[in-house]
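What follows is each chain in one-letter form.
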Amino acid sequence: MSTSSITLLAIDNPDLSDFGKDPWWVILIKVVLVFLVLVLLTLFNIWWERRVVARMQHRIGPNVHGPFGLLQSLADGVKLALKEDITPKAADKVVFVLAPVIATVPAFIAFSVIPFGPVVNFFGHRTPLQLTDMPVAVLFVLAVASMGIYGIVLGGWSSGSTYSLLGGLRSSAQMISYEVAMGLALVAVFLYAGSMSTSEIVAAQDDLWFGLILLPSFAIYTISMVGETNRAPFDLPEAEGELVGGFHTEYSSLKFALFFLAEYINMATVSALATTLFLGGWHAPFWIDRVWEGANQGYWPVLWFFGKVLFFIFMFIWLRGSLPRLRYDQFMAFGWKRLIPIALVWIIAVGTIRSISLEGQIDRQYLLIGIGVLAVIFLLMFFVGVDEERAAEEKAGPVVEDGQVEAGGYPVPAMPVGGAARGAAAPLVFGLASAAGQSVAGAVAVEEPESVTTEEQIDG
């Protein structure tokens, strides 16, 4: 790469000094574009989720409205807008109406510090493809995203329904628990980037993505973002088998649509943050820029950015179509007993390694090998402890004879002799039918008890 191209790349990477200088019309256009992108991305994600899950379940999916059914999401939005808007008599009407707005607005605001690309020529004005940035931009995203919890909790509380209240309480406990793990996963990124600014974190990943060198942090964040957005298999606040619909049971029409919109925008927000912090942001994947110098120039990085975001959203869809919903106590125990302790140990390890690396006492190659070994150990810890606890519970559990039921339990059929059946069932083979049309049993015969005569019954 020539010296001129290296200089150009350095100029195109924005920093904090590039923000706050845009005229009002550029800021207005950026705000409108961010809003439109999020709304259109939500419509696309709903359609994409239906198509992918339909393919996984051998169904067709939406295919009537528009080419390939692309207008199905728009038709659903119109349908929701035309539905009757019902407010329960027992509801606190003011809070009931404000709750969906409180849940939706922070989802839009969080995207204001997400970098979409480098500095470009925007209608004759040099500006970064980012609305704004600040020294604590990542903390700003976490703070704004946590405000959406109030909308869900207040929506459940103000509905005047027990199911809604339980869904709101579940959501608050779940989001708070997994936000702790999510925040701890980001500490290692701050240590390596030396900044909490989103644009500077992206610039720090010009050579190597943090998702590769900070794999445990990446794994913890990926798990936490699924719990943070109430998506399957962590969609316990909306568990229809237990809570009818959870916190939005009593909502309909546009207010329900706002909750729906907030969920999908939050999916895009956590995916964009994961792209920014762990996958190099808008930088070209697979080191394409080493071959093509213009890969990180102009508006091409917008394509790389949304490609990575859609990869994470596909993971959301894949999980929903593959895994069953967890039990609530298992889900909370996993967050507090697994994710948070592992994140704390990993922070100590990263801090130690980073300190040694800055002092130059150990070769960088050995540090990377040590990080890889720690990553393998942490991943194994996810599975070893669970099996040991399960074995201890089975060993300590009371022995219940066949036909008996524990207090508060349910009757369970007795296990077959020799343990659970394994493999395919034995085939049934029938003999030739007799002249009277009656078949004779073949290879698989069932042992029947000996017949008892009438005289034996009387004698007995």
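No experiment lies behind these values; they were computed from the predicted model shown.

Could you give an account of the overall build of the protein, naming the residues involved and the relevant values?
Scanning the protein for helices and strands turns up 15 helices and two strands. For the protein, buried positions account for 42% of its 460 residues. Long-range pairs, those at least 24 residues apart, make up 77% of the contacts in the protein with a sequence separation of at least 6. Accessible area of the protein: about 25,500 Å², with a carbon and sulfur share of 67%.

Run through the packing of helix H5 (residues 137-158) against helix H11 (residues 253-278), naming residues and quoting values.
Packing of H5 against H11 leaves a shortest axis separation of 12 Å and a crossing angle of 160 degrees. Taken together, the axes of H5 and H11 lie roughly antiparallel to each other. Helix-helix and strand crossings are classified by hand; for H5 and H11 the assignment is left-handed. Taken together, the residues of H11 that come into contact with H5 (itself represented by Val-138, Val-141, Gly-151 and Ile-152) are Phe-259, Thr-269, Leu-273 and Leu-277.

An account of helix H2 (residues 24-56) is requested, with residue identities and associated values reported.
The terminal C-alpha atoms of H2 lie 47 Å apart, and with 33 residues this matches the ideal 48 Å at 1.5 Å per residue to within 8%. His-58 occupies a position one or two residues after H2 and carries a positive phi of about 60 degrees.

Quick one: what's the story with the pairing of strand E1 (residues 119-122), residue by residue and with numbers?
With four bridges joining them, E1 and strand E2 (residues 125-128) adopt antiparallel strand pairing. Within the sheet, the bridge partner assigned to Asn-121 lies in E2 and is Arg-126. Linking E1 to E2, which pair antiparallel, is a turn of two residues; within it Phe-123 sits at a positive phi near 55 degrees.

Go over the nonpolar core, please, and point to the residues and values.
Most often, soluble globular proteins have nonpolar side chains that are buried together. Counting 76 residues, the largest nonpolar core has Phe-210, Leu-214, Tyr-221 and Met-225 as the members making the most contacts within it. Setting aside anything within four residues of it in sequence, one finds Leu-214 in contact with Ala-188, Val-189, Tyr-192, Phe-278, Trp-346 and Val-350. With 11 residues, the next largest nonpolar core counts Ala-91, Ala-99, Met-175 and Phe-247 among its residues.

Provide a residue-level description of a nonpolar patch on the surface, including the pertinent values.
A contiguous nonpolar surface patch, about 890 Å² in accessible area, is contributed by Trp-24, Trp-25, Leu-28, Val-32, Phe-35, Leu-36, Leu-40 and Phe-123. Looking at the secondary structure, you find Leu-36 in helix H2.

Outline the packing of aromatic side chains, listing residues and values.
Two measures describe an aromatic ring pair: the distance that separates the ring centres and the angle between the ring planes. Counted under the stated rule, the structure contains 25 aromatic pairs. Arranged with centres 4.7 Å apart and planes meeting at 40 degrees, the rings of Phe-234 and Phe-331 form a pair that is tilted. A residue pair is termed long-range when its members are at least 10 positions apart, and Phe-234 in the loop between helix H9 (215-228) and helix H10 (240-243) and Phe-331 in helix H13 (residues 328-359) qualify at 97 residues. The pair formed by Phe-234 and Phe-331 is uniform in burial state, with each residue classed as buried. On the numbers, 5.1 Å between centres and 50 degrees between planes, the contact of Phe-260 with Tyr-264 is tilted. Of the two residues, Phe-260 and Tyr-264 both sit in helix H11, four residues apart, roughly one turn of that helix. The class of Phe-260 is partly exposed, set by a relative accessible area of 30%. Three or more aromatic residues link up through ring pairs in this structure, and these residues are Phe-44, Trp-47, Trp-48, Phe-314 and Trp-318. The ring centre of Tyr-264 lies 5.6 Å from the NZ or CZ of Arg-231, which sits over that ring.

Rules and cut-offs
- Residues numbered from 1 in each chain as written.
- Predicted model: local features only at pLDDT ≥ 70, side-chain atom pairs only at ≥ 80, totals over all residues.
- Heavy atoms only, no water.
- Helix = DSSP H or I, 4+ residues; strand = E, 2+ residues; numbered from the N terminus.
- Buried < 20%, exposed > 50% of the residue type's maximum accessible area, 1.4 Å probe, protein only.
- Contact = heavy atoms within 4.5 Å.
- Areas by Shrake-Rupley, 256 points an atom, 1.4 Å probe, with all protein chains shown as cover.
- Axes fitted to C-alpha atoms, helices over the stretch in contact; angles between N-to-C directions.
- Parallel < 35°, antiparallel > 145°, perpendicular 65-115°, else oblique.
- Left-handed = near helix turned anticlockwise from the far one by under 90°.
- Expected span 1.5 Å × (residues − 1).
- Pairing = 2+ DSSP bridges.
- Core = buried A, V, L, I, M, F, W, Y, C linked by side-chain atoms within 4.5 Å.
- Patch = residues over 30% accessible without salt bridge, like charges linked within 9 Å, V, L, I, M, F, W, Y side chains within 5 Å.
- Salt bridge = Lys/Arg side-chain N within 4 Å of Asp/Glu carboxyl O.
- Phe/Tyr/Trp six-rings, centres within 6.5 Å; stacked < 30°, edge-to-face > 60°.
- Lys NZ or Arg CZ within 6 Å of the ring centre and 35° of its normal.

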